[in-house]
Amino acid sequence: HYYITNNFEAMSSNYHNKAMTALWNDVAPGFYNYGRIDPTADPEKIPDLRQSNEDMIHYMIDQMGITKDSCVLEMGCGKGMNILRVAEITGCEYTGVDMNTTYLEEYCRKFAKERGLEEQGDFVQGSVIDLPAKVRDRKYTHVISLSVQYYVHNHIMEWLENLASVVTEDSKIFIMDYCRKAEWSYCSDFNRHLKLPFPMLTKEEVFANYIQSKLEMYRFEDATDVIIPGYAVMERECFKRDPEMETLTYPLVGQAFRDGLLQSVYFYLRLKRKMNLNLKDEKINGHC
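Residues numbered from 1 in each chain as written. Predicted model: local features only at pLDDT ≥ 70, side-chain atom pairs only at ≥ 80, totals over all residues. Heavy atoms only, no water.

**Student:** Looking at this model, I keep getting lost on the packing of aromatic side chains. Mind explaining?
**Tutor:** Geometry of an aromatic ring pair is reported as the spacing of the ring centres plus the angle between the planes. A complete count under the given rule lists 21 aromatic pairs for this structure. Ring centres 4.7 Å apart and planes at 5° place the aromatic pair Tyr 150 and Tyr 178 in the stacked group. Of the two residues, Tyr 150 is situated in the loop between β4 (140-146) and α7 (156-165) and Tyr 178 in strand β5 (residues 167-180); the sequence distance between them amounts to 28 residues. Assigned by exposure class, Tyr 150 and Tyr 178 land together as buried. Judged by centre distance (5.6 Å) and plane angle (45°), the ring pair of Phe 220 and Phe 267 falls under tilted. With Phe 220 in strand β6 (residues 215-222) and Phe 267 in strand β7 (residues 262-271), this residue pair connects regions lying 47 residues apart in the sequence. (Phe/Tyr/Trp six-rings, centres within 6.5 Å; stacked < 30°, edge-to-face > 60°. Helix = DSSP H or I, 4+ residues; strand = E, 2+ residues; numbered from the N terminus. Buried < 20%, exposed > 50% of the residue type's maximum accessible area, 1.4 Å probe, protein only.)

Next comes the structure, spelled out in structure tokens:
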């Protein structure tokens, strides 16, 4: 997967430059997401994205039924704050996997230590479409992944195979994804930010891949309305720092949501029941 790894590294460069790092450290330290904001809220009265990310964490916990007895894996954990807040709030065990060693060493483990969560879980370096044995050899009650799946739309079946390999018939999977709503040729503006070297999928194309996989979707949400205010906050902060969008190109993505070219979606997945006949006696490991 040398080519794939290089692709990920090139795309993740969006978040490595000093301007973007400083921006996120200001608006939502430890996060790279926009969270959930009431569509009727006035973005000018929202100072940053800290509370919206916190609201997203609580929403996930509630919708997925995560408790202190859960064993939760985050695929593409970034700087780790999503999974750490889930663990901190619920008391669950956790594992975060990401291929960016800088994130793991300088943020994830640091945040875990600061919050007293080192003994509750672990972070592992590796690809989400070729999970390391330390992750893949275990089973989890819940898997979460925020804003990662669209970076592997060109390898989505490998992604889904890896997801299926770490769950049992009782496990739940939550995927926050972006999907295009227009022909890819009309998406060049927002892709100036995302830098995808392949066409993003539509939700219908994602559905079709789910049908071909070992997983099934049991619920779907269009979350575009609750992410647009977050992009409005980010747009304001970007223009303060970089009015010409030479580096901070996040407003291009927010505009695509407003123009109906892009949608934010939540996919709720589980193993297909017919695939689970040989798993009935399998127990979820006690430790992530």
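There's plenty left to go through after this.
**Student:** Sorry, what's going on with the pattern of salt bridges here?
**Tutor:** Think of it this way: side chains of opposite charge can pair up when their charged atoms draw near. Per the stated rule, a full pass over the model turns up 16 salt bridges. A salt bridge links Glu 237 to Lys 240, with the nearest nitrogen and oxygen atoms 3.2 Å apart. Within this pair, Glu 237 and its partner Lys 240 are both found in helix α10 (residues 224-241), separated by 3 residues, close to a single helical turn. Residue classification places Lys 240 among the exposed positions, given a relative accessible area of 58%. Here Glu 237 falls in the buried class, since its relative accessible area comes to 7%. Taken together, the salt bridges that share partners define one network made up of Asp 26, Arg 236, Glu 237, Lys 240 and Arg 241. (Salt bridge = Lys/Arg side-chain N within 4 Å of Asp/Glu carboxyl O.)

**Student:** What is the right way to look at the environment of Leu 196 in this model?
**Tutor:** Relative to the elements of secondary structure, Leu 196 occurs in the loop between α8 (188-194) and α9 (203-212). It is 9.4 Å that separates the C-alpha atoms of Leu 196 and Val 152, two residues lying 44 residues apart in sequence.

**Student:** Teacher, can you tell me more about the side chain of Glu 54 here?
**Tutor:** Looking at the element boundaries, Glu 54 is found in helix α3 (residues 50-64). Overall, Glu 54 belongs to the buried group, its relative accessible area being 17%. Apart from the residues within four sequence positions on either side, Glu 54 is in contact with Arg 85 and Ile 89. (Contact = heavy atoms within 4.5 Å.)

**Student:** Explanation requested: the pairing of strand β3 (residues 121-125) in the structure shown.
**Tutor:** For a regular strand, side chains alternate in direction, first toward one face of the sheet and then toward the other. Note that strand β2 (residues 93-98) and β3 share 5 bridges and pair parallel. Bridge assignment links Val 97 to a residue of β3, and that residue is Val 124. Regarding topology, helix α5 (residues 101-114) serves as the crossover connection from β2 to the parallel β3, and that connection is right-handed. (Pairing = 2+ DSSP bridges. Right-handed = clockwise from strand over helix to strand, strands pointing away.)

Nothing here speaks to function; it is geometry throughout.
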